[in-house]
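# Topology and contacts: notes
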Amino acid sequence: MDKQDNNGYVPGLKGIPAAESKISFLDGQAGLLTYRGYPIVELAQQSTFEEAAWVLINGELPNTDELTRFASDLRANRRVKYNVRDIMKFLPIDGDPMEALQTCVASLGMFYPGQERMTANGVNADSEFVEQMIIKILASMATLVAMWERIRRGDDPILPRTDLTYAENFLYMMNEREPDPVEARIMDACLVLHAEHTINASTFAALVCGSTLAPPNLVVASAIGTLAGPLHGGANQRVLNMLDDIGSVENVAGWLDQRLANKQVIWGFGHREYKVKDPRANILQDLLEQLREHRHGQISPLYERAKELERCAEEHLSPKGIFPNVDFYSGLLYEALGIPRDQFTPIFAISRTAGWLAHWKEQITHNRIFRPTQVYTGYEPRSYRPMSLR
Ligand code: COA
């Protein structure tokens, strides 16, 4: 713990446990991340987003029947009500996709009501409602992100298909064509990698909102708002803008020196928990290499700049425990898959919804409303002065 004062206040709650959870674990010194005990490296290589979401939400690897039913429920719930599309049509087309996503997710409870079932017996949520809403929200996320992409381009949204996996269907709805299998597999691995990460800022926001027994679509909407900031999910698109600004591989070293001298942040570097390279960044870099091979070496020139930046930053930042995080390489992959930069964070949100809902489900079984204290640093009580005396 750092910067703790006599009142026990710790800025950013660094090191303060705010929940108990069985969902994920990370060891920032060893660079280990597990979902329900399963290492993220194994899941990214061998599992699928549907299976990883099941593991997070239900605690164990599914058997064949369980996974088939879960995946089929997700497929059956991909369509959203027509009026959600109308909401999008009234949003400004140059608006931020995270705001569009949050707006539409927040509205889902009105189209799929049942809030009274959050306190079925006055305290606990009806478990059928919990399962239904998990499926509905998780299934809708990809549809909403792709729908906004189509609407803002002036195109009709593409209806989801039920014969494709979650990742395949998302790319299909975005690009109006079935994805190449290698690209779909990469998208799937990206969704697995971003699905959960202990009690980060957006998950904490979800827990706080969920602790009031608010409906799950608002729990996810709160988390989406929190993920949007550049210090959290919003960093991935800034990484690419930064690589653009650098201009060339030769400029990297000088750019970095200048940037650090000005005490400016290097996007995609640093993490509150990891003091080594984020294990997800290693996997994403491997995926980039696979895509490069698949495309016979054709990949964005920004990748070479990114590798050079990582190399130069090693000297300056690694002594402080600052290494590439998950956002450093993810944007390069998404851009290579034809996804616009301002949709990178919404894709993060699609995936992280599995983790947010897993935490919501875990918490409401033994809920207690969050109500921390504060250290008051304001005035002592004083008398109100009428306007004429000020
Ligand atoms: N670039 C340059 N310096 C960085 C840095 C970065 N990306 N991340 C941390 N640092 C430096 C800080 O300036 C600070 O230096 P100081 O001790 O000399 O003041 C030190 O490292 C500790 O950083 P701090 O901001 O206290 O860490 P934190 O745990 O509060 O913040 C992040 C973590 C993620 C918010 C921070 O690393 C950051 O802003 N990263 C860039 C944004 C990003 O990529 N976010 C995605 C996270 S997955």
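Placed above this text is the structure.
Calculation criteria
Residues numbered from 1 in each chain as written. Predicted model: local features only at pLDDT ≥ 70, side-chain atom pairs only at ≥ 80, totals over all residues. Heavy atoms only, no water. 1 Å grid on protein atoms, 1.4 Å probe; cavity = no way out; pocket = protein on both sides within 12 Å on 5 of 7 lines; lining within 4 Å. Points joined across faces, edges and corners; volume = space filled by probe spheres on them. Helix = DSSP H or I, 4+ residues; strand = E, 2+ residues; numbered from the N terminus. Nonpolar A, V, L, I, M, F, W, Y, C, P; charged D, E, K, R; others polar. Near = heavy atom within 4 Å. Polar contact = N/O pair within 3.5 Å; in protein donor to acceptor, adjacent residues only side chain to side chain. Areas by Shrake-Rupley, 256 points an atom, 1.4 Å probe, with all protein chains shown as cover. Buried < 20%, exposed > 50% of the residue type's maximum accessible area, 1.4 Å probe, protein only. Pairing = 2+ DSSP bridges. Salt bridge = Lys/Arg side-chain N within 4 Å of Asp/Glu carboxyl O. Expected span 1.5 Å × (residues − 1). Contact = heavy atoms within 4.5 Å.

## Here we look at the layout of surface pockets
- Its boundaries defined by the atoms lining it, the second largest pocket holds a volume of some 600 Å³.
- In terms of lining, the second largest pocket is formed by 26 residues, of which the most central are Pro 17, Ala 18, Phe 204, Phe 370 and Pro 372.
- Contributions of two or more residues to the lining of the second largest pocket are made by helix 9 (201-210) and helix 16 (344-364).
- Among the elements that line the lining of the second largest pocket, the one with the most residues is helix 16, at three residues.
- Here the residues of the lining of the second largest pocket are counted per class, giving 13 nonpolar, nine polar and four charged.

## Section: the site of the ligand
- By nearness alone, 16 residues border the ligand, and Ile 266, Gly 268, Phe 269, Arg 272 and Asn 325 come closest of all.
- Contacts to the ligand include Arg 272, whose side-chain N or O atom sits 2.7 Å from an oxygen atom.
- Protein contact buries 62% of the 860 Å² of open area that the ligand shows by itself.
- Here the shell around the ligand is composed, by residue class, of eight nonpolar, five polar and three charged.

## Some details on the pairing of strand 1 (residues 24-27)
- Only one face of strand 1 is buried: it carries Ser 24 and Leu 26, and the other face, with Phe 25 and Asp 27, is open.
- Taken together, strand 1 and the strand that follows it, strand 2 (residues 32-35), pair antiparallel across an intervening segment of four residues, in which Gly 31 is found at a positive phi of about 70°.

## Brief notes about the pattern of salt bridges
- All told, the structure shown has 20 salt bridges when counted by the stated rule.
- The shortest N-O distance in the salt bridge between Glu 149 and Arg 152 comes to 2.7 Å. Taken together, the residues Glu 149 and Arg 152, both in helix 6 (residues 127-152) and three residues apart, mark about one turn of the helix. Note on accessibility: Glu 149 and Arg 152 belong to one class, buried.
- In this structure, the salt-bridge partner of Glu 183 is Arg 295, at a minimum N-O distance of 2.6 Å. Placement of the pair is Glu 183 in helix 8 (residues 181-193) and Arg 295 in the loop between helix 13 (279-294) and helix 14 (302-317), with a sequence separation of 112 residues.
- For Arg 295, a relative accessible area of 24% translates into the label partly exposed.
- Members of the salt-bridge network, linked through shared partners, are Glu 149, Arg 152, Arg 153 and Asp 342.

## Some thoughts on helix 11 (residues 235-246)
- Taking 1.5 Å per residue, twelve residues should reach 16 Å; helix 11 reaches 16 Å between its end C-alpha atoms and fits that length.
- Residues of helix 11 that are buried: Ala 235, Asn 236, Gln 237, Val 239, Leu 240, Met 242, Leu 243 and Ile 246.
- In the core, the buried residues of helix 11 are packed alongside helix 12 (252-261), helix 14, helix 15 (326-336) and helix 16.
- Of the residues trailing helix 11, Gly 247 is marked for its positive phi of about 90°.

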